[in-house]
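An overview of the molecular structure
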Amino acid sequence: MTIEVRPASVFEDVRKVIGPKSPESTVCYCLSYRIPSKLNNQLRGPARGEFVAELCRADPPPGVLAYDGDEPVGWAAVAPRSDTTFARNRKIPHVDDLPVWSLWCIRVRAGHRKQGITHPLIAGAVEFARDRGAPVIEAYPLDNGDAKVDLTMAYAGLRKNFERAGFTHAADTTSVLAGHPRILMRLDLR
């Protein structure tokens, strides 16, 4: 299997990885950290998909997709921190004043998990940010040690996967997800 990571500019491919089975459903669509909570709560059903379709047409698009051939098999959300709710998040500290980018969601489609797709997704998100001038990229993964993590909450990523990608622990946070502390990890891109 050869995985290629590309910018998430094709909405139908994004929908296949993070969209609901029914367009009428109101699911995350990876918007909860991207937009203010008031707007997130207002976007219901098809309006969520329409909003994400607009993001896919924007420059930069909302993240990257991993492909196995022509099949989208994974997603990573990555954007300037200033364009996300992490800009104002009191639980995730700011380490310095650099215009960092955030990588906050990684998802691999069912049927494609446990095949190492997370690693090229992280690398692809790093390159995506680097190509757009990011001096530093941050992630806020779970510091779960060897404890098992519920797949629904594993979207934040795991510390060990970011360490493998060269990220280092930069700060503790007061954020907890699925009973596991989240930490702030960074990779300098300069």
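Right above here is the structure, for reference.
Here's what I pulled together on the structure shown here. All residue numbers refer to positions counted from 1 along the written sequence of the respective chain. Two thresholds apply to this predicted model, a pLDDT of at least 70 for residue-level local features and 80 or more for giving and counting side-chain atom pairs, whereas whole-chain, interface and lining totals are computed over all residues. Calculation of side-chain values draws on the structure's entire complement of heavy atoms; hydrogens and water are dropped beforehand.

What follows covers the packing of aromatic side chains. Only centres within 6.5 Å qualify two rings of Phe, Tyr or Trp (six-membered ring in Trp) as a pair; their planes then separate them into stacked at under 30 degrees, edge-to-face at over 60, and tilted for everything else. All chains considered together, the criterion is met by seven aromatic pairs. Ring geometry for Y33 and F86: centres 4.7 Å apart, planes at 20 degrees, overall stacked. Within this pair, whereas Y33 is found in the loop between α1 (11-18) and α2 (37-42), its partner F86 is found in the loop between β3 (71-80) and β4 (101-108), the two being separated by 53 residues in sequence. Both residues of the pair, Y33 and F86, belong to the buried class. Where W101 meets F128, the ring centres are 6.1 Å apart and the plane angle is 75 degrees; that geometry is what we call edge-to-face. Of this pair, W101 sits in strand β4 while F128 sits in helix α4 (residues 118-131), placing them 27 residues apart in sequence. Exposure remark for W101: the relative accessible area of 7% places this residue in the buried category. Of the residues examined, F128 reaches a relative accessible area of 3% and is grouped as buried. Ring pairing ties together the aromatic residues Y33, F86, W104, Y140 and Y155, which thus form one cluster. In this arrangement the basic side chain of R6 is found over the ring face of Y67, its NZ or CZ atom lying 3.8 Å from the centre. Criterion for a charge above a ring: Arg CZ or Lys NZ at most 6 Å from the ring centre, at most 35 degrees from the ring normal. Between R132 and the ring centre of F128, over which it is positioned, the NZ or CZ distance is 3.8 Å. Think of it this way: any DSSP run of H or I at least four residues long counts as a helix, any run of E at least two long counts as a strand, and we number them from the N terminus. Three labels apply to residues, based on accessible area from a 1.4 Å probe with only protein chains included: buried if under 20% of the type maximum, exposed if over 50%, partly exposed otherwise in between.

As for its placement among the helices and strands, R34 is situated in the loop between α1 and α2. In this charge count, Lys and Arg are treated as positive and Asp and Glu as negative; neither His nor the chain ends contribute. Salt bridge criterion: a side-chain nitrogen from Lys or Arg within 4 Å of a carboxyl oxygen from Asp or Glu. Of the side chains with opposite charge, D83 lies nearest to the buried R34, which makes no salt bridge, at 7.1 Å. Side-chain polar atoms of R34 contact the backbone oxygen of P62, separated by 2.5 Å. With residues near it in sequence (within four places) discarded, R34 still touches L55, P62, W75, A77, V78, A79, D83, T84 and W104. Counting of polar contacts relies on pairs of N or O atoms within 3.5 Å, with two restrictions inside protein: one atom must be capable of donating a hydrogen and the other of accepting it, and residues adjacent in sequence are counted only when both atoms are side-chain atoms. Two residues form a contact once any of their heavy atoms are found within 4.5 Å.

What the seven strands build is an open sheet, ordered β1-β2-β3-β4-β5-β7-β6; its pairing is mixed. The open sheet has two edge strands with one neighbour each: β1 (3-7) and β6 (168-177). Sheet twist, expressed as the mean angle between neighbouring strand axes with direction ignored, is 25 degrees. Across seven bridges, β3 lies against β4 in antiparallel orientation. Within β4, the residue paired with V78 across the bridge is L103. By this definition, two strands are paired if DSSP reports at least two bridges between them. Lines fitted to C-alpha atoms define the axes, with helix axes restricted to the stretch in contact, and inter-axis angles between N-to-C directions lie between 0 and 180 degrees.

Here α1 has its buried residues at F11, D13, V14, V17 and I18. One face of α1 carries all of its buried residues, which in axial projection span an arc of 160 degrees. At its buried positions, α1 is contacted by α3 (46-57), β2 (63-68), β3 and β4. This arc is built from the directions going out from the helix axis to the C-beta atoms.

Moving on, we come to unusual backbone geometry. A negative phi angle is the norm for most residues apart from glycine, just as the trans form is the norm for most peptide bonds. Geometrically, the link from D59 to P60 is a cis peptide bond, its omega value of 5 degrees lying close to zero. Looking at the secondary structure, you find P60 in the loop between α3 and β2. Notably, Y29 is not glycine yet its phi reads approximately 55 degrees, a positive angle. We classify Y29 as buried; its relative accessible area is 6%. The backbone of K114 shows a phi angle near 60 degrees, a positive value even though the residue is not glycine. On the secondary structure map, K114 appears in the loop between β4 and α4. Taking relative accessible area as the criterion, K114 reaches 86% and is therefore assigned exposed.

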